[in-house]
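Overview (structure and organization)
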Amino acid sequence: MAGGAFAAGLAYAAQPHMEAALNALLTAQSELKVAEHNKGGHRANALDLVNRAIAQVQLGIAAGS
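Rules of the game
Residues numbered from 1 in each chain as written. Predicted model: local features only at pLDDT ≥ 70, side-chain atom pairs only at ≥ 80, totals over all residues. Heavy atoms only, no water. Helix = DSSP H or I, 4+ residues; strand = E, 2+ residues; numbered from the N terminus. Contact = heavy atoms within 4.5 Å. Areas by Shrake-Rupley, 256 points an atom, 1.4 Å probe, with all protein chains shown as cover. Core = buried A, V, L, I, M, F, W, Y, C linked by side-chain atoms within 4.5 Å. Buried < 20%, exposed > 50% of the residue type's maximum accessible area, 1.4 Å probe, protein only.

So, the overall build of the protein chain
From N to C terminus, the protein chain includes three helices and zero strands. Scanning the protein chain from its N terminus toward the C terminus, one meets helices and strands in the order α-α-α. The contacts in the protein chain between residues at least 6 apart in sequence include a share of 58% that link residues at least 24 apart. Carbon and sulfur atoms provide 64% of the accessible area of the protein chain, an area that totals close to 4600 Å².

Now the structure itself:
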């Protein structure tokens, strides 16, 4: 078990830019969720795009592990 945790730690450490991007996207997601809704559909579209980007970054991180 400890070896697996160590290997996972290496995968995490090896992808600092992907992790930083994921954290930035999660922050954007949170901000968009609490923004006022009357933005002509642009807030909802932006939230959808951020959600898709989060999924892609997560897949990229998994592929790089």
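And the narrative resumes.
A few points about the nonpolar core
Formed by Leu22, Leu25, Leu32, Leu47, Val50, Ile54, Val57 and Ile61, the largest nonpolar core amounts to eight residues. For this core, the secondary structure elements donating two or more residues are α2 (16-34) and α3 (42-64). Considering each element in turn, this core owes the most residues, five residues, to α3. Not counting the four nearest positions on each side in its chain, Leu22 is found in contact with Ile54, Val57, Gln58 and Ile61.

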